[in-house]
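Listed below, chain by chain, are the residues.
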Amino acid sequence: MPRVMLNGTVLAQSDKTVVVEGNHYFPPSSVDKSLLSESKTHTVCPWKGTASYYNATVGKNEVNDIAWFYPHPSDKAKNIQDYVAFYKNKVEID
(Lines give C-alpha, C1' and ligand atoms only; values in the text may rest on other atoms or scores of the structure.)
Protein backbone atom coordinates (compact mmCIF):
# COMPACT_ATOMS: atom_id res chain seq x y z
CA MET A 1 0.00 0.00 0.00
CA PRO A 2 1.59 3.32 -1.02
CA ARG A 3 2.36 5.60 1.90
CA VAL A 4 3.77 9.14 2.06
CA MET A 5 5.82 10.21 5.07
CA LEU A 6 7.52 13.40 6.17
CA ASN A 7 9.98 13.09 9.06
CA GLY A 8 8.35 9.82 10.13
CA THR A 9 4.81 11.21 10.07
CA VAL A 10 2.30 9.69 7.64
CA LEU A 11 0.75 12.30 5.34
CA ALA A 12 -1.19 9.88 3.14
CA GLN A 13 -1.77 6.15 2.79
CA SER A 14 -4.04 4.21 0.44
CA ASP A 15 -4.28 1.11 -1.72
CA LYS A 16 -6.55 3.04 -4.09
CA THR A 17 -4.08 5.50 -5.62
CA VAL A 18 -4.20 6.46 -9.28
CA VAL A 19 -0.80 6.53 -11.00
CA VAL A 20 -0.40 9.28 -13.60
CA GLU A 21 2.96 10.07 -15.19
CA GLY A 22 4.73 8.06 -12.48
CA ASN A 23 3.07 9.89 -9.58
CA HIS A 24 0.70 8.30 -7.08
CA TYR A 25 -2.42 10.43 -6.65
CA PHE A 26 -4.03 9.70 -3.27
CA PRO A 27 -7.79 9.85 -2.68
CA PRO A 28 -8.68 12.94 -0.61
CA SER A 29 -9.99 10.77 2.25
CA SER A 30 -6.59 9.07 2.61
CA VAL A 31 -4.67 12.34 3.15
CA ASP A 32 -4.17 13.82 6.64
CA LYS A 33 -5.36 17.34 5.85
CA SER A 34 -4.68 18.46 9.43
CA LEU A 35 -0.98 18.53 8.43
CA LEU A 36 -1.58 20.47 5.20
CA SER A 37 -2.41 24.06 4.36
CA GLU A 38 -3.26 25.48 0.98
CA SER A 39 -0.44 27.23 -0.85
CA LYS A 40 -0.87 30.24 -3.11
CA THR A 41 1.02 28.38 -5.85
CA HIS A 42 -0.77 27.30 -9.03
CA THR A 43 0.62 25.74 -12.20
CA VAL A 44 -0.93 24.67 -15.47
CA CYS A 45 -0.58 21.27 -17.10
CA PRO A 46 -1.51 21.26 -20.81
CA TRP A 47 -3.75 18.21 -20.46
CA LYS A 48 -4.75 18.04 -16.77
CA GLY A 49 -5.55 21.71 -16.15
CA THR A 50 -4.65 24.06 -13.30
CA ALA A 51 -3.06 22.53 -10.22
CA SER A 52 -3.31 23.91 -6.70
CA TYR A 53 -0.69 23.16 -4.04
CA TYR A 54 -0.39 22.27 -0.37
CA ASN A 55 2.27 23.07 2.22
CA ALA A 56 2.89 20.57 5.02
CA THR A 57 3.77 21.19 8.65
CA VAL A 58 5.13 18.40 10.84
CA GLY A 59 6.29 19.62 14.22
CA LYS A 60 8.28 22.79 13.55
CA ASN A 61 9.19 21.69 10.03
CA GLU A 62 7.21 23.35 7.23
CA VAL A 63 7.69 22.28 3.62
CA ASN A 64 6.19 24.55 1.00
CA ASP A 65 4.48 23.21 -2.12
CA ILE A 66 4.95 19.59 -1.05
CA ALA A 67 1.87 18.32 -2.88
CA TRP A 68 -0.53 19.26 -5.65
CA PHE A 69 -4.08 18.49 -6.72
CA TYR A 70 -6.53 19.42 -9.47
CA PRO A 71 -9.77 20.88 -8.06
CA HIS A 72 -11.18 21.48 -11.57
CA PRO A 73 -9.31 19.18 -13.96
CA SER A 74 -9.87 18.88 -17.68
CA ASP A 75 -12.27 16.20 -18.88
CA LYS A 76 -9.28 13.94 -19.61
CA ALA A 77 -8.19 14.06 -15.96
CA LYS A 78 -11.52 13.83 -14.11
CA ASN A 79 -10.37 10.55 -12.52
CA ILE A 80 -7.86 12.48 -10.36
CA GLN A 81 -10.10 15.39 -9.35
CA ASP A 82 -9.09 16.44 -5.80
CA TYR A 83 -6.64 13.50 -5.53
CA VAL A 84 -3.31 14.56 -4.01
CA ALA A 85 0.17 13.82 -5.37
CA PHE A 86 3.42 14.51 -3.51
CA TYR A 87 6.85 15.59 -4.71
CA LYS A 88 9.12 12.56 -4.43
CA ASN A 89 12.14 14.72 -3.54
CA LYS A 90 10.31 16.30 -0.56
CA VAL A 91 8.81 13.20 1.09
CA GLU A 92 9.42 9.49 1.57
CA ILE A 93 7.11 7.31 -0.51
CA ASP A 94 7.00 3.55 0.05
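Owing to the predicted nature of the structure, the values given are computational and were not obtained by experimental measurement.

Topic: the pairing of strand β5 (residues 36-45)
Pairing of β5 with strand β6 (residues 49-58) involves seven bridges; the strand directions are antiparallel. Along β6, the bridge assignment pairs E38 with Y54. Connecting the antiparallel pair β5 and β6 is a turn made up of three residues.

As for the environment of A85
Mapped onto the elements, A85 comes out in strand β8 (residues 84-86). Among the residues examined, A85 registers a relative accessible area of 0% and is labelled buried. The sequence separation of A85 and P27 amounts to 58 residues, and the corresponding C-alpha distance is 9.3 Å. Non-local contacts of A85, meaning those with residues more than four positions away in its chain, are made with N23, H24, Y25, I66, A67 and W68.

Things to note about the side chain of N55
The topology assignment puts N55 in strand β6. When its relative accessible area of 10% is taken as the criterion, N55 is described as buried. Within the structure, the side chain of N55 is placed 2.7 Å from the backbone nitrogen of D65, a separation counted as a polar contact. What N55 contacts, discounting residues up to four positions off in sequence, is L35, L36, S37, E38, S39, E62, V63, N64, D65 and I66.

Describing the sheet that holds β6
The antiparallel open sheet is built from four strands, whose spatial order is β5-β6-β7-β8. Looking at the sheet topology across the chains shown, the edges are occupied by β5 and β8. Strand-to-strand twist of the sheet, defined as the mean angle between neighbouring strand axes without regard to direction, takes the value 35°. Here β6 runs beside strand β7 (residues 61-69); their pairing, made up of six bridges, is antiparallel. The residue bridging S52 from the neighbouring strand is F69, located in β7.

Some thoughts on the pairing of strand β1 (residues 3-6)
With four bridges joining them, β1 and strand β2 (residues 9-13) adopt antiparallel strand pairing. Bridge pairing in β2 places M5 opposite V10. The loop that links β1 with its antiparallel partner β2 comprises two residues; one of these, N7, has a positive phi angle of about 50°. The pairing of β1 with strand β9 (residues 92-93) spans two bridges and is antiparallel. Residue pairing for β9: M5 is matched across the bridge by E92.

Rules used in this analysis
Chains are numbered independently. Their residues run from 1 in the order of the written sequence. Per-residue local features are limited, in this predicted model, to residues with pLDDT of at least 70; the limit for side-chain atom pairs, both in listing and counting, is 80 or more; totals at the level of whole chains, interfaces and linings are taken over all residues. Hydrogens and water are ignored here; the side-chain numbers use all heavy atoms of the structure. Only strands joined by at least two bridges in the DSSP assignment are considered to pair. Helix and strand labels come from DSSP, where a helix needs a run of H or I of at least four residues and a strand needs a run of E of at least two; each type is numbered from the N terminus. Relative accessibility decides the category of a residue: with a 1.4 Å probe and only protein chains considered, values under 20% of the type maximum give buried, values over 50% give exposed, and everything between is partly exposed. Should any heavy atoms of two residues lie within 4.5 Å, those residues are counted as being in contact. Pairs of N or O atoms are called polar contacts if they sit within 3.5 Å, as long as, within protein, a hydrogen donor faces a hydrogen acceptor (for residues adjacent in sequence, only side-chain-to-side-chain pairs). Each axis is a line fitted through C-alpha atoms, taken for helices only over the stretch in contact, and angles between the N-to-C directions span 0 to 180 degrees.

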